[in-house]
Number of protein chains: 4
Amino acid sequence: MRGYALHKDDYGRRLARIEGQVRGLARMIDEDQYCIDVLTQIASVTKALQNVGLGLLDEHLRHCVMEAQTAGEGDAKITEAIGAVERLLRV
Amino acid sequence: MRGYALHKDDYGRRLARIEGQVRGLARMIDEDQYCIDVLTQIASVTKALQNVGLGLLDEHLRHCVMEAQTAGEGDAKITEAIGAVERLLRV
Amino acid sequence: MRGYALHKDDYGRRLARIEGQVRGLARMIDEDQYCIDVLTQIASVTKALQNVGLGLLDEHLRHCVMEAQTAGEGDAKITEAIGAVERLLRV
Amino acid sequence: MRGYALHKDDYGRRLARIEGQVRGLARMIDEDQYCIDVLTQIASVTKALQNVGLGLLDEHLRHCVMEAQTAGEGDAKITEAIGAVERLLRV
């Protein structure tokens, strides 16, 4: 069981929507839409992706890290989670 | 003609690859892969999207803004471009 | 006791260095240094600040959140920590 | 003359305020204030710094890059400015 197990359907739907938005970006460029409008849409897709990441991080801390803590293995899990936050910050 | 006109095919290919990566994220969740691995992949997709944005911004400045400047309309274009950078920073 | 209690001196030194870097930025502008060089230095100071934030978040999760978890109050602490990560991402 | 020449005093004041905020961060840690409150303040100082960066970038594009363009040297200036945006995004 993963931390996100209870919300798999929700994440599936959000990622399907993001996939459609990326396809929409390709269409905008194919149709020669204005650069700034494409950039605005890229910022919006990136934000949607980061929000999925924040949701997964929330559930990871709430479930996986807390269970690891009960088993005396919380420290390694926290080091790993901080590494993930760092990668999200530095995209 | 847009700033990115000469590289439309390249952007098309990059966005097709990003679309595939987003589909891969959905598959990772469907297959119950480890939260941290999904987060690492989200950071990678976000970075690929931001790089498409940086490329479009580069060509927008190099072509659209410069042409506007020649026509005496550079100032409004720069205000607009800075707004786009701000949205990319604050995703 | 805060999560960062054991490393207060280290954080003090890092923030003193960052304070000096911000003073250096003001000096660069006062001396009419080149815009791009000031921007490069701003990126460096911002990164140093974000690294202090990541360190504090690490110790907050490792100590405060884990202790709250033992006391049955972990959930509220995680909601709060995720809010802090979101604010760091959206600066 | 730099792009920011007309607003040097304004940037000086903003950076003096940011310097005070960094000193305030050090004081928060010295006084054992709550980790999350320090993180919230770090996000705020980082945002203030990024805003100074956006302002300098705006004036750099508006003045230095446009003058370089008139002198037929715009391309190199844009490559350089995009590098600066990339460093601001990846802090």
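Rules and cut-offs
- Residues numbered from 1 in each chain as written.
- Chains lettered and ligands numbered in written order.
- Predicted model: local features only at pLDDT ≥ 70, side-chain atom pairs only at ≥ 80, totals over all residues.
- Heavy atoms only, no water.
- Contact = heavy atoms within 4.5 Å.
- Buried area = accessible area lost by both parts, 1.4 Å probe.
- Salt bridge = Lys/Arg side-chain N within 4 Å of Asp/Glu carboxyl O.
- Helix = DSSP H or I, 4+ residues; strand = E, 2+ residues; numbered from the N terminus.
- Expected span 1.5 Å × (residues − 1).
- Bend = angle between axes of the 7 residues up to and from the residue.
- Least-squares fit on C-alpha atoms with pLDDT ≥ 70 in both.
- Core = buried A, V, L, I, M, F, W, Y, C linked by side-chain atoms within 4.5 Å.
- Buried < 20%, exposed > 50% of the residue type's maximum accessible area, 1.4 Å probe, protein only.
- 1 Å grid on protein atoms, 1.4 Å probe; cavity = no way out; pocket = protein on both sides within 12 Å on 5 of 7 lines; lining within 4 Å.
- Points joined across faces, edges and corners; volume = space filled by probe spheres on them.
- Nonpolar A, V, L, I, M, F, W, Y, C, P; charged D, E, K, R; others polar.

A. Molecular detail of the interface of chain B and chain A. Contact with chain B, which involves 44 residues of that partner, is made by 44 residues of chain A. A buried area of about 4100 Å², summed over both sides, lies between chain B and chain A, and 73% of it is on carbon and sulfur atoms. By the criterion of area lost to chain A, the three top residues of chain B are I29, Y34 and L39 of chain B, representing 15% of everything that side buries. Joining chain B to chain A, the criterion identifies four salt bridges. Between K8 of chain B and D32 of chain A there is a salt bridge, and its shortest N-O distance comes to 2.9 Å. Listing elements by their share of the side of chain B that touches chain A, those giving two or more residues are helix 1 (8–30), helix 2 (35–70) and helix 3 (74–89) of chain B.

B. Seen up close, helix 2 (residues 35–70) of chain C. Residues and elements named next belong to chain C. Across its 36 residues, helix 2 extends 51 Å between first and last C-alpha, which sits within 8% of the 52 Å expected from 1.5 Å per residue. Most pronounced at H60, the bend in helix 2 amounts to some 35 degrees. Count one or two residues on from helix 2 and you reach G72, which has phi positive near 80 degrees.

C. Summary view of the relation of the copies chain D and chain C. The two copies are related by a screw motion: chain D maps onto chain C through a turn of 180 degrees and a shift of 0.0 Å along the axis, at an RMSD of 0.0 Å. Those values place the two copies in the arrangement expected of a two-fold rotation axis. Comparing interface residues between copies, 100% of those in chain D also sit at the interface in chain C, which points to an isologous, same-surface contact.

D. Seen up close, the nonpolar core. Core analysis: the biggest nonpolar cluster contains 132 residues, and L56 of chain A, L56 of chain B, L56 of chain C together with L56 of chain D have the highest contact counts within it. Beyond its immediate chain neighbours, meaning those up to four positions away, L56 of chain C contacts Y4 and Y11 of chain C together with I29, V38, L39 and I42 of chain D.

E. How the structure looks around the pattern of salt bridges. Overall, the coordinates contain 28 salt bridges over all chains when judged by the stated rule. Here E86 of chain B makes a salt bridge to R90 of chain B, at a shortest N to O gap of 3.3 Å. Looking at E86 of chain B, the relative accessible area reads 33%, which means it is partly exposed. Among the charged side chains, a network of salt bridges with common partners joins E19 and R23 of chain A together with E19 and R23 of chain B.

F. Focus on empty space enclosed by the protein. In the structure shown here, the tally under the stated rule is four cavities of 30 Å³ or more. In this model, the largest cavity occupies a volume close to 150 Å³. Surrounding the largest cavity, 16 residues form its lining, L89 of chain A, L89 of chain B, L89 of chain C together with L89 and V91 of chain D being those nearest its centre. Secondary structure elements with two or more residues in the lining of the largest cavity: helix 3 (74–89) of chain A, helix 3 of chain B, helix 3 (74–89) of chain C together with helix 3 (74–89) of chain D. A per-class count over the lining of the largest cavity returns 12 nonpolar, four polar and no charged. In this structure, the second largest cavity spans a volume of roughly 50 Å³.

So far we have only geometry, and geometry alone does not tell us how the molecule works.
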